[in-house]
Amino acid sequence: MSAVLADMQGVVAPATTKAIAPSRGERPWTFYVLAGLFALYVLALYGPMICIYILSFQDIRGGLVFPMKGHSMHWFVDLFTQVRTGDVKGSFDRSIKLAVIVTIITVVISFLAGLGFRRRFAGDAVVFYMMIGSLVAPGLVLGLGTGLLFQALGLNASWYTSALGAQLSWTLPFGVLVMFAVMSRYNRAWDEAAYDLGASRWQTIWLVIVPVLAPGIVAVALFGFTLSYDEFARSLQTAGSLNTLPLEIWSMTLNVTSPSLYALGTVTTIISFIVIGASLGTIVLIQKKRGRGAKG
Amino acid sequence: MQSSQPPSRANLAGWLYVSPLVLVLVPFFVAPILVVLAASFFATDGFGGLTPGFTLSNYIEVLHSALTLKLYLATIKFTVLTWIFTLIIGFFVAYFLVFHVRNQLLAIGLFLLCTVPFWTSNIIRMISWIPLLGKEGLINQALLATGAIHQPLEVLLFSDLAVVIAYVHQLTIFMIVPIFNAMARIDKKLVEAAIDAGASRFDIMRLIVVPMSKSGIALGTIFVVSIVMGDFFVVKVMSGGGSASVVSAFYEDVGVLQYPTAAASAVLLTLVLVAIVSLILRTVDIRQEITR
């Protein structure tokens, strides 16, 4: 998503500055129809989620549906203290750690693969289709295969080995595809200019390519983090005895029928917003720094 | 291509760059798929133990079962319905943002607005329909209050309808993003030229916008189809256990340790998916479209 955001300065700017006829002067009737559709879509997108955020602040008498019964932080306390809701805190810790590891690996490998795919090389199609295959393979099937493989090799499945690998088989194709889109905006002439000025291959990468692509790289990182933090099917057979957060949520949906479930939704949303905020902040900071550098 | 290096050196450099990717995909994609393939030919003692060997009985069992056809029909029904709705909504939302919103900053803001819920847990987004669709949910309450119905509608939750609603809610974003990306690259001068040449709005849509968004539509279709066909928990939770899909049946098989038949059905499903995706890839060269 945010890859598009990162590119948008490059793509949308020249395109929309020149108004096209259907959007010049009087709005055509299609504008109102489509605006209505868009509004309905956004309403359907947010409505249900806002409902559960509100319902998570009920007091102890609260249930799963409206009307709301009182308000308190009861279900949040319940979430982190009750044994019957499971090990929310532990699984939460593991998920965050796992997501950070997945993010770092995804960024590095996607970036390198993106560089590699800029040129054709013998056998590149094999790697490309392997990646597409990894993207479309049913997560549960891959998870089972990984689980069986570990069993056959006599290895213990755990969140930081088998689950890590299973998640990478899903975040890497996404990361590389985003990297493709980001790198297609990169002008190869900049490489040539760097070489002409006497830069080595590594200097070119570190001093030219990485800074230019920085917003796109942050986008890949965001992708890696959220895909991992939310990954369920591929972790199911591979996480071993200790749950990650989505697995915990899954078991809660089967066992817990209290607003604790909604409180968990509210908490995870807040975490997501902190992560997005920090990432967008990083992009803005990079852009600002670059703007100053250009002026000075 | 404009490389001055000899081809063998360029090949070596290319492989060096992608080697970390290959080193992850081989053990965690290729090997697990091969394990599942191998397991599909094994025999079992019925308690989770696998006996290495070669038997086609698992495939015969899966192919002969009347249930298999039912599961595939159900999965295809969910996939096609979800695909149609996400495509229509995704296409017009992207079209609205690219061609109708004049203020660029507003367009970016509205686009971000669509992507924000993506950052919340899928499972949480799915269960967030319960307060709305449930028997005592908001929709039923509203309909009862207006007198449109006299008994709460039970078809809203724990039904095929709820399954499709949850899929569309989760997956439309996978259509919007690639289609938006493809549409944003359409040169507006082309549209102006078409208008000057007397094209109607429908002509522009048919002859310019749709063909030039093809790569986005193809990519979005691949995402949506592979996710719906590979999913089980939306079907399980939103249908209340009333419906099943190929993967949810697979999940049940795994639960009772019927690995070989589960593996055989997984191999079949993977083949079906590969066929669909390669059909899509034949119409559009995605790699070329993205890197262009």
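Residue indices begin from 1 for each chain and proceed along its sequence in written order. For naming, the first written chain is A and the first written ligand is 1, with later ones following in the order written. Predicted model: local features are reported for residues with pLDDT of at least 70 only, side-chain atom pairs are reported and counted for 80 or more only, and whole-chain, interface and lining totals are derived from all residues. Note that water and hydrogens are dropped before the side-chain values are worked out from all heavy atoms of the structure.

## A word on the overall build of chain B
- Along its length, chain B carries 15 helices and two strands.
- Seen through its principal axes, chain B has C-alpha atoms that stretch 80 × 70 × 30 Å.
- Only protein chains enter the area calculation, which uses a 1.4 Å probe; residues under 20% of their type maximum are buried, those over 50% are exposed, and those in between are partly exposed. Every one of the 292 residues in chain B was classed for burial, and the buried ones make up 53%.
- Contact definition: two residues touch when any of their heavy atoms are within 4.5 Å. Put simply, of all contacts in chain B between residues at least 6 apart along the chain, 69% involve residues at least 24 apart.
- When the accessible area of chain B is evaluated, it comes to approximately 13000 Å², of which 70% is carbon and sulfur surface.
- The averaged location of the 14 negative side-chain charges in chain B is 10 Å from the averaged location of its 16 positive side-chain charges. Strands are runs of DSSP state E lasting at least two residues, helices are runs of H or I lasting at least four, and both sets are numbered from the N terminus onward. Using the Shrake-Rupley algorithm and a 1.4 Å probe, accessible areas are obtained, with residue cover drawn only from the displayed protein chains. Under the counting rule used here, the positive set is Lys and Arg, the negative set is Asp and Glu, and His together with the chain ends is not counted. Charged side chains are reduced to one point each, which is NZ for Lys, CZ for Arg, CG for Asp and CD for Glu.

## A closer look at the overall build of chain A
- The helix and strand inventory of chain A stands at 12 helices and zero strands.
- Starting at the N terminus and walking to the C terminus, you meet the elements of chain A as α-α-α-α-α-α-α-α-α-α-α-α.
- Every one of the 296 residues in chain A was classed for burial, and the buried ones make up 57%.
- When contacts within chain A are restricted to residue pairs at least 6 apart in sequence, those whose partners lie at least 24 apart make up 72%.
- Put simply, chain A shows about 12500 Å² of open surface, and 69% of that area lies on carbon and sulfur atoms.

## Some points on the interface of chain A and chain B
- Between chain A and chain B, the contact holds 115 residues from the first and 102 residues from the second.
- When two parts are put together, the accessible area they lose, computed with a 1.4 Å probe and summed over both, is reported as buried area. Both faces considered, chain A and chain B share a buried interface measuring about 10200 Å² in area, 77% of it formed by carbon and sulfur atoms.
- Salt bridge, as used here, is a side-chain nitrogen of Lys or Arg placed within 4 Å of a carboxyl oxygen of Asp or Glu. Joining chain A to chain B, the criterion identifies zero salt bridges.
- Identification of polar contacts relies on pairs of N or O atoms within 3.5 Å, with a donor-acceptor requirement for protein atoms, meaning one able to donate a hydrogen and the other able to accept it, and with residues adjacent in sequence counted only if both atoms are side-chain atoms. The interface formed by chain A and chain B holds seven residue pairs in polar contact (both at pLDDT 80 or more) in total.
- If you tally residues by element for the side of chain A that touches chain B, the top one is helix H2 (residues 29-55) of chain A, at 19 residues.

## Side note on H2 of chain A
- Relative to the 39 Å expected for 27 residues at 1.5 Å per residue, H2 of chain A spans 39 Å between its end C-alpha atoms, a close match to the ideal helical length.
- Taken as a whole, H2 of chain A carries its principal kink of about 30 degrees at Tyr46 of chain A; the proline Pro48 of chain A stands between one and four residues after it. By definition here, a helix of n residues has an expected span of 1.5 Å times n minus one. One fitted axis covers the seven residues ending at a residue, a second covers the seven starting there, and the bend at that residue is the angle between these axes.

## Focus: the packing of aromatic side chains
- Pairs were defined over the aromatic rings of Phe, Tyr and Trp, the Trp ring being its six-membered one, requiring ring centres within 6.5 Å. Orientation was assigned from the angle between planes: stacked under 30 degrees, edge-to-face over 60, tilted for the rest. As enumerated under the stated definition, the model contains 33 aromatic pairs over all chains in all.
- Taking 5.0 Å as the distance between ring centres and 40 degrees as the angle between the ring planes, the aromatic pair formed by Phe57 of chain A and Phe76 of chain A counts as tilted. Taken together, the residues Phe57 of chain A in the loop between H2 and helix H3 (74-81) and Phe76 of chain A in helix H3 connect sequence positions 19 residues apart.
- Given a relative accessible area of 32%, Phe57 of chain A falls into the partly exposed group.
- Residue class for Phe76 of chain A comes out buried when judged on its relative accessible area of 12%.
- Remark: a charge is flagged as sitting over a ring if the NZ atom of Lys or the CZ atom of Arg is within 6 Å of the ring centre and within 35 degrees of the ring normal. The ring centre of Phe78 of chain B lies 5.3 Å from the NZ or CZ of Lys77 of chain B, which sits over that ring.

## Focus on the packing of helix H1 (residues 7-39) of chain B against helix H14 (residues 259-283) of chain B
Residue and element names in this part refer to chain B.
- Packing of H1 against H14 brings their axes to within 7 Å, and their N-to-C directions diverge by 120 degrees. What the angle tells us is that H1 and H14 run oblique. Two packed elements cross with a definite hand, and for H1 against H14 that hand is left-handed. Here Val36, Leu37 and Ala39 of H1 lie close against H14, whose contacting residues are Pro260, Ala263, Ala266 and Val267. To get an axis, a line is fitted to the C-alpha atoms, and for a helix only the part in contact is used. The angle between two axes follows their N-to-C directions and goes from 0 to 180 degrees. For classification, angles of less than 35 degrees are called roughly parallel, those exceeding 145 degrees roughly antiparallel, those between 65 and 115 degrees roughly perpendicular, and all remaining angles oblique. Handedness of a crossing is defined here by the sense of rotation of the near helix relative to the far one, left-handed for an anticlockwise turn of less than a right angle and right-handed for a clockwise turn.

## Examining the confidence of the model for chain B
All names here are of chain B.
- pLDDT is a residue-level measure of predictor confidence that goes from 0 to 100. A residue-level look at chain B finds 95% of positions with pLDDT of 70 or above and a mean pLDDT of 85.
- Model confidence for chain B, summarised as mean pLDDT per element, is weakest for helix H15 (residues 286-291) at 69 and strongest for helix H3 (residues 66-100) at 92.
- Across the assembled chains, the prediction reports ipTM 0.84 with pTM 0.84.

## Looking at a nonpolar patch on the surface
- A residue counts toward a patch only above 30% relative accessible area and without a salt bridge, and it is joined to like-charged neighbours within 9 Å or, for Val, Leu, Ile, Met, Phe, Trp and Tyr, to nonpolar neighbours within 5 Å. A cluster of nonpolar residues, Ile50, Ile54, Phe57, Met68, Met73 and Val77 of chain A, forms a patch on the protein surface that exposes about 490 Å² of accessible area.
- Looking at the element boundaries, Ile50 of chain A is found in helix H2.

## Considerations on the nonpolar core
- Counting 183 residues, the largest nonpolar core has Phe117 of chain A together with Leu21, Met183 and Met238 of chain B as the members making the most contacts within it.
- Broken down by element, the residue count for this core peaks at 15 residues, all from helix H8 (residues 160-184) of chain B.
- Look past the residues within four positions of Met183 of chain B in its chain and what remains in contact with it is Phe91, Ala94, Tyr95, Val98, Phe99, Val209 and Ser213 of chain B. For the purposes of this section, nonpolar cores are sets of buried Ala, Val, Leu, Ile, Met, Phe, Trp, Tyr and Cys residues that join through side-chain atoms within 4.5 Å.

## Examining the environment of Ser121 of chain B
- For Ser121 of chain B, the position within the fold is in the loop between helix H4 (104-115) and helix H5 (122-127).
- The buried category is assigned to Ser121 of chain B, whose relative accessible area is 8%.
- Filtering out sequence-adjacent residues up to four positions away, Ser121 of chain B remains in contact with Asp230 and Ile249 of chain A.

## Looking at helix H9 (residues 201-229) of chain A
- Compared with the 42 Å implied by 1.5 Å per residue over 29 residues, the 35 Å span of H9 of chain A between its first and last C-alpha is markedly short.
- Residue Ala214 of chain A marks the point of greatest curvature in H9 of chain A, where the axis turns by about 70 degrees; the proline Pro215 of chain A follows within four residues.

## Focus on the environment of Val24 of chain B
- Assignment of secondary structure puts Val24 of chain B in helix H1.
- On the accessibility criterion, Val24 of chain B (12% relative accessible area) is buried.
- Considering only alpha carbons, one finds Val24 of chain B and Gly216 of chain B, 192 residues apart in sequence, at a separation of 27 Å.
- Ignoring any residue separated from it by four or fewer positions in sequence, one finds Val24 of chain B in contact with Ile109, Leu168 and Leu172 of chain A together with Phe29 of chain B.

## Quick notes on the state of the cysteines
- Working definition: a disulfide is two cysteine sulfur atoms within 2.5 Å of each other. For the structure on display, the rule yields zero disulfides over all chains.
- Residue Cys114 of chain B stays outside any disulfide, its sulfur separated by 19 Å from that of Cys51 of chain A, the closest cysteine.

## Side note on the side chain of Thr86 of chain B
All names here are of chain B.
- Positionally, Thr86 belongs in helix H3.
- Only 2.8 Å separates the side chain of Thr86 from the backbone oxygen of Thr82, close enough to count as a polar contact.
- Excluding residues within four positions of it along the chain, Thr86 makes contact with Phe91, Val168, Leu171, Thr172, Met175 and Val224.

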